[in-house]
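A look at the structure
For reference, the chains in residue letters:
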Amino acid sequence: MTTTHPAPATATRRRFALVPTAALLLGAVYCLLPVAWILVASTKSGSELFSTFTFLPGSGFADNVADLSAYRDGVYWRWMANSALYAGVGALLSTAVSAVSGYALAVYRFRGRESIFNILLAGVLMPPVILAVPQYLLMAKADLTDSYLSVMLPVILSPYGVYLARIYAAAAVPGDVIEAGRMDGGGEWRIFRTIALPMMLPGLVTVFLFQFVAIWNNFLLPYIMLGDDEKFPVTLGLFTLLQQGSTTPALYTLVITGALLAIVPLIALFLVIQRFWSLDLLSGAVKS
């Protein structure tokens, strides 16, 4: 009776196949470890934060939330509402601009189209810190600094959003469908609104999610534009709390708890939008 052993080449391939899995696991640990730390640290009181094991849960989460809500008459929740305003309105407007611009660049043929698209690609590669000072000077010239508009207006045009919308429109909106709409007497705006827009919806949901997260996490632009802390988003508000924590260590627990609560809307939004992704992709498959 003879036994067969796997060839050396097969065993080598199996070992190499484990390398991507191990790399992904290490990346997941690297990304999730700070989240786990802040989740545990938010349960600790001020005395437990620096005196207990790092990943040992505490008993002060409810008190931390109460103290955070009571700090300066609930200014933290004002910061959260400001972030929701900046991110919600800014992402909606940015998605609308990206949809119209991306559709136009994908469907219409006109002089300078590729040059405009290349300029947009250059904008994707441009670091935000380079644009922050010119944007501030423009807002100061228009007397809009230290206002809600000074944070929302610069984020409406997203080069990356336009790029995604153009790529998705070129792939999802067949030219024959647009021509059929024109032959039926439909105007360009009606064709876009009733035919192209539903086809682009899954891609626009992605654009909205990216923009919402980017605006919610934005720190540099509000830091430059705003001076009144009543208009601060949660990122800038927590930064001011962290600065005060160097002289008042009790504020560290508020910063940690506030940071944990600040990621809850992002998780909820992702879960809701993920559902719409599935519905939109399924409906698109059925229609096709």
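Every value quoted in this text rests on a predicted model; they were computed, and no experiment measured them.

**So, the overall build of the chain**
Helix and strand content of the chain: 13 helices and zero strands. Along the chain, helices and strands appear, N-terminal first, in the series α-α-α-α-α-α-α-α-α-α-α-α-α. For the chain, long-range pairs separated by at least 24 residues make up 71% of all intrachain contacts whose partners lie at least 6 apart in sequence.

**Thoughts on a nonpolar patch on the surface**
Together, Val29, Leu33, Trp37, Phe53, Phe55 and Leu56 give the surface a local cluster of nonpolar side chains, amounting to about 600 Å² of exposed area. Its location among the elements puts Phe55 in the loop between helix H2 (46-49) and helix H3 (61-70).

**Side note on the environment of Leu120**
Residue position: Leu120 is located in helix H5 (residues 113-125). Owing to a relative accessible area of 15%, Leu120 belongs among the buried residues under this scheme. Those residues in contact with Leu120 that lie beyond four places of it in its chain are Leu105, Pro159 and Val162.

**Digging into the pattern of salt bridges**
Under the counting rule described, the total for this entry stands at eight salt bridges. Taken together, the salt bridges that share partners define one network made up of Arg72, Arg78, Asp229 and Glu230.

**Remarks on the nonpolar core**
Within the largest apolar cluster, 35 residues are counted, with the highest numbers of intra-cluster contacts made by Tyr76, Trp79, Phe212, Trp216, Val234 and Leu241. When neighbours within four sequence positions are excluded, Phe212 is seen to be in contact with Ala87, Gly88, Ala91, Leu266 and Leu269. Counting residues in each nonpolar core, the second largest holds 13 residues, with Tyr103, Ala106, Ala169 and Ala196 among its members.

**Here we look at helix H10 (residues 188-216)**
The α-helix winds at 3.6 residues per turn, so residues separated by three or four positions along the chain end up facing the same way. Over its 29 residues, H10 runs only 34 Å from end to end, short of the ideal 42 Å by more than 12%, given 1.5 Å per residue. Where H10 bends most, the angle comes to about 60 degrees, and this point is Leu201, followed within four residues by the proline Pro202.

**Describing the packing of aromatic side chains**
What the rule picks out here adds up to 13 aromatic pairs. Pairing Tyr103 with Tyr108 gives two aromatic rings, centres 5.9 Å apart and planes at 90 degrees, and the pair type is edge-to-face. A residue is classified by how much of its surface remains accessible, and Tyr103, at 3% relative accessible area, is buried. The class for Tyr108 is partly exposed, based on a relative accessible area of 25%. Here the aromatic rings of Phe219 and Phe239 are separated by 5.0 Å at their centres, their planes lie at 70 degrees, and the arrangement is edge-to-face. Remark: Phe239 occurs in helix H12 (residues 234-245) and Phe219 occurs in the loop between H10 and helix H11 (220-225); sequence separation between them is 20 residues. Judged by relative accessible area, which is 27%, Phe239 ranks as partly exposed.

**A look at the packing of helix H4 (residues 75-107) against helix H8 (residues 159-172)**
Viewed as axis vectors pointing N to C, H4 and H8 meet at an angle of 50 degrees, and their least axial separation amounts to 7 Å. The orientation of H4 with respect to H8, classified from their angle, is oblique. Two packed elements cross with a definite hand, and for H4 against H8 that hand is right-handed. Contacts from Ser98, Ala99, Ser101, Gly102, Tyr103, Leu105 and Ala106 of H4 reach H8 at Gly161, Val162, Ala165, Arg166, Ala169 and Ala170. Partitioning the contact of H4 with H8 into residue classes produces eight nonpolar, four polar and one charged.

**Remarks on the side chain of Thr257**
Residue placement: Thr257 occurs in helix H13 (residues 251-287). For Thr257, a relative accessible area of 0% gives the class buried. Beyond its immediate sequence surroundings of up to four residues, Thr257 is in contact with Ser42, Phe61, Asn64, Val65 and Leu68.

Cut-offs and rules
- Residues numbered from 1 in each chain as written.
- Predicted model: local features only at pLDDT ≥ 70, side-chain atom pairs only at ≥ 80, totals over all residues.
- Heavy atoms only, no water.
- Helix = DSSP H or I, 4+ residues; strand = E, 2+ residues; numbered from the N terminus.
- Contact = heavy atoms within 4.5 Å.
- Patch = residues over 30% accessible without salt bridge, like charges linked within 9 Å, V, L, I, M, F, W, Y side chains within 5 Å.
- Areas by Shrake-Rupley, 256 points an atom, 1.4 Å probe, with all protein chains shown as cover.
- Salt bridge = Lys/Arg side-chain N within 4 Å of Asp/Glu carboxyl O.
- Buried < 20%, exposed > 50% of the residue type's maximum accessible area, 1.4 Å probe, protein only.
- Core = buried A, V, L, I, M, F, W, Y, C linked by side-chain atoms within 4.5 Å.
- Expected span 1.5 Å × (residues − 1).
- Bend = angle between axes of the 7 residues up to and from the residue.
- Phe/Tyr/Trp six-rings, centres within 6.5 Å; stacked < 30°, edge-to-face > 60°.
- Axes fitted to C-alpha atoms, helices over the stretch in contact; angles between N-to-C directions.
- Parallel < 35°, antiparallel > 145°, perpendicular 65-115°, else oblique.
- Left-handed = near helix turned anticlockwise from the far one by under 90°.
- Nonpolar A, V, L, I, M, F, W, Y, C, P; charged D, E, K, R; others polar.

Limitation: the analysis is restricted to geometry and does not speak to function.
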